[in-house]
Amino acid sequence: MTCDSIFVNAGNQILADGVKMVQKFSPMVLDEKITLLETSLERAADRLGDITEPVMKRYYDIHPEARDSFREHGLGNTVKLEAEMVESVVYCLMNWLESPQEIRIMFGSTVPHHEETLHVHTNWFSGLVDAAVHVIAETIPDTKQEERDLWEEIHQGVNDLIADARY
């Protein structure tokens, strides 16, 4: 099934591109992908426990200027904000396959608001996604190429979404 509609309002402004709203899947069926996803997440949890610390370490190594933003917006509880943001990113990654429209709505409102109001750069959003995917993918054995390919697909989809959500 293909969707080639563009949804517009009365003022002829594009509201949604139907093609971008349809999740594209490789030949692997959704159930198999979800099984691989769950396997990866369980392995990462078994090996790392809470992934917040390694994700934030990698994130700050690449985006050191974001540390001040987390301190400022954490209002005295930076660790809590970091944990909430990592949890949110992992939620989006976990649900991308089954609910891409939900994730699109979340980022569609969050990214512009954070850019405009809080001065949080878009590359900081994608950087946090990059860090989370990297930390999880590091736990995947080299012999599990299907898992690696799946994480690349999810990673690309979410980062494309973040790029599209920018003003």
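Residues numbered from 1 in each chain as written. Predicted model: local features only at pLDDT ≥ 70, side-chain atom pairs only at ≥ 80, totals over all residues. Heavy atoms only, no water.

Student: Report on the side chain of Glu147, specifying residues and quantitative values.
Tutor: Tracing the backbone through its elements, the reader meets Glu147 in helix H8 (residues 145-165). Side-chain polar atoms of Glu147 contact the side chain of Ser40, separated by 2.4 Å. (Helix = DSSP H or I, 4+ residues; strand = E, 2+ residues; numbered from the N terminus. Polar contact = N/O pair within 3.5 Å; in protein donor to acceptor, adjacent residues only side chain to side chain.)

Student: Tell me what's going on with helix H3 (residues 52-62), and back it up with residues and numbers.
Tutor: Three or more residues of H3 are buried, namely Thr52, Val55, Met56, Tyr59 and Tyr60. Seen along its axis, H3 keeps its buried residues to an arc of 125°; they face one direction. Structural note: H3 exposes Glu53, Lys57 and Asp61 on the side pointing more than 90 degrees away from its buried face. (Buried < 20%, exposed > 50% of the residue type's maximum accessible area, 1.4 Å probe, protein only. Arc of directions from axis to C-beta.)

Student: Account for the pattern of salt bridges, with residues named and values stated.
Tutor: Here the structure, examined in full by the defined rule, presents 5 salt bridges. When the shortest N-O distance is used, the salt bridge between Lys80 and Glu84 registers 3.8 Å. Of this pair, Lys80 and Glu84 are both found in helix H5 (residues 78-95), 4 residues apart, which corresponds to roughly one turn of the helix. Among the residues examined, Glu84 registers a relative accessible area of 39% and is labelled partly exposed. (Salt bridge = Lys/Arg side-chain N within 4 Å of Asp/Glu carboxyl O.)

Student: Before we move on, could you go through the packing of aromatic side chains and cite the residues and values that matter?
Tutor: The tally for this structure, following the rule as stated, stands at 1 aromatic pair. Across from the ring centre of Tyr60, 4.0 Å away, lies the NZ or CZ of Arg67, which sits over that ring. (Phe/Tyr/Trp six-rings, centres within 6.5 Å; stacked < 30°, edge-to-face > 60°. Lys NZ or Arg CZ within 6 Å of the ring centre and 35° of its normal.)

Student: Let's hear about the packing of H3 against H5: which residues, and what values?
Tutor: The relative placement of two packed helices comes down to the angle between their axes together with the axis-to-axis distance. Relative to each other, H3 and H5 sit at 95°, their axes nearing to 10 Å. Classified by the angle between their axes, H3 and H5 sit roughly perpendicular to one another. Of H5, the residues touching H3 (which contributes Thr52, Val55, Met56 and Tyr60) are Thr78, Glu82, Ala83 and Val86. Residue composition of the contact of H3 with H5, grouped by class: 5 nonpolar, 2 polar and 1 charged. (Axes fitted to C-alpha atoms, helices over the stretch in contact; angles between N-to-C directions. Parallel < 35°, antiparallel > 145°, perpendicular 65-115°, else oblique. Contact = heavy atoms within 4.5 Å. Nonpolar A, V, L, I, M, F, W, Y, C, P; charged D, E, K, R; others polar.)

Student: Pulling in residues and values, what's your account of the nonpolar core?
Tutor: Membership of the largest hydrophobic core comes to 39 residues, with the highest contact counts inside it found for Val55, Tyr59, Leu93, Phe107, Trp151, Ile154 and Val158. Looking at this core, the elements with two or more residues in it are helix H2 (30-48), H3, helix H4 (66-74), H5, helix H6 (100-116), helix H7 (122-137) and H8. With 10 residues, the single largest contributor to this core is H7. Leave out the neighbours within four places in its chain, and Leu93 touches Leu37, Val129, Ala132, Val133, Trp151, Ile154 and Val158. (Core = buried A, V, L, I, M, F, W, Y, C linked by side-chain atoms within 4.5 Å.)

Student: Account for H5, with residues named and values stated.
Tutor: A rise of 1.5 Å per residue sets the reference length of H5, with its 18 residues, at 26 Å; its end C-alpha atoms lie 26 Å apart and thus fit the reference within 8%. Listed as buried for H5 are Leu81, Glu82, Val86, Val89, Val90, Cys92, Leu93 and Asn95. (Expected span 1.5 Å × (residues − 1).)

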